[in-house]
Amino acid sequence: MARELCSHCEKTLKTCLCGWLTSIVNPHPIAILQHPSEAKHSLGTAKIANLSLKHCELWQGEDFQKDKLVQSWFRRYQSKCYVIFPGVNAKPLTHLIARTNAEPSPAIDLAFIFIDGTWKKARKIWYLNPWLQNLPQLTLQPIEKSQYRIRKSPFKQSLSTIEAIAQTLGVIEQNNSKYQPLLTTFEKMIDNQIKLMGEETYHHHYDAT
């Protein structure tokens, strides 16, 4: 028997996010390219951003080159768009801050693309979409350790999508507290999942240190 889902956040009723969401007006548009496998994950975080941020689009797929909605968004923001993705050509986010602060009228309409999925799936999206590789590429230096306590990553400095978005917008606007509600929703989601699975199961399967 299929579990009943919330019509708004599309999570199960036991894991519904709606009571924790806070609406935030973000001047810098966000686009999230989500791998289909991540869309099915009950603990995915991209939905938090999509439901909380006023200017945030979420699309699912692998090859977005012929996706009319994605390409329309891209054409609109192409001249001021950055992709947040690690790599040899990626520059730290602080590089962008230094550049915009040096301009007489700092840009207030930058746009950012995030890829949502496991590292393997994210790389697949990256290589299937050459247009992404033509964008200026930025990387993040985590301000603190990820709080994604119930998903494992091969990289110690990995951040969840929602943590990466909150950090990017907070740094760009120089106002981290504005985007703290995104992280609060994320942390409540994690705490709720641990409660549902039970502390014993959590400590057995995950490193709680």
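All of these numbers come straight from a predicted model, not from anything done at the bench.

Trainee: I'd like a description of the sheet that holds strand 5 (residues 111-116), backed by residues and values.
Mentor: If you walk across this open sheet you meet the six strands as 2-1-5-3-6-4, and the pairing is parallel. In this open sheet, the two edge strands, each paired with only one partner strand, are strand 2 (56-60) and strand 4 (91-92). Two strands pair when backbone bridges link them, and strand 1 (residues 30-34) and strand 2 are joined in this way by five bridges, in the parallel orientation. Bridging from a neighbouring strand, Ile32 pairs with Leu58 of strand 2. Across the sheet, helix 7 (residues 161-173) lies against strand 1, strand 3 (81-84) and strand 5, angled at about 165° from strand 5, the strand it touches most.

Trainee: Go over the state of the cysteines with me, naming the residues and quoting the values.
Mentor: By definition, a disulfide links two cysteine residues through a covalent bond between their sulfur atoms. Applying the stated rule across the entire model yields zero disulfides. Lacking any disulfide linkage, Cys6 is separated from the closest cysteine sulfur, that of Cys18, by 3.5 Å.

Trainee: Outline the packing of aromatic side chains, listing residues and values.
Mentor: Overall, the coordinates contain six aromatic pairs when judged by the stated rule. Ring centres 5.4 Å apart and planes at 25° place the aromatic pair Phe85 and Trp119 in the stacked group. Of this pair, Phe85 sits in the loop between strand 3 and strand 4 while Trp119 sits in helix 5 (residues 119-128), and the two are 34 residues apart along the sequence. The class of Trp119 is partly exposed, set by a relative accessible area of 29%. Seen in terms of ring centroids, Phe85 and Trp126 are 4.6 Å apart; in terms of plane orientation they differ by 15°. Their pairing is stacked.

Reading the values: rules and limits
Residues numbered from 1 in each chain as written. Predicted model: local features only at pLDDT ≥ 70, side-chain atom pairs only at ≥ 80, totals over all residues. Heavy atoms only, no water. Pairing = 2+ DSSP bridges. Helix = DSSP H or I, 4+ residues; strand = E, 2+ residues; numbered from the N terminus. Contact = heavy atoms within 4.5 Å. Axes fitted to C-alpha atoms, helices over the stretch in contact; angles between N-to-C directions. Disulfide = S-S within 2.5 Å. Phe/Tyr/Trp six-rings, centres within 6.5 Å; stacked < 30°, edge-to-face > 60°. Buried < 20%, exposed > 50% of the residue type's maximum accessible area, 1.4 Å probe, protein only.

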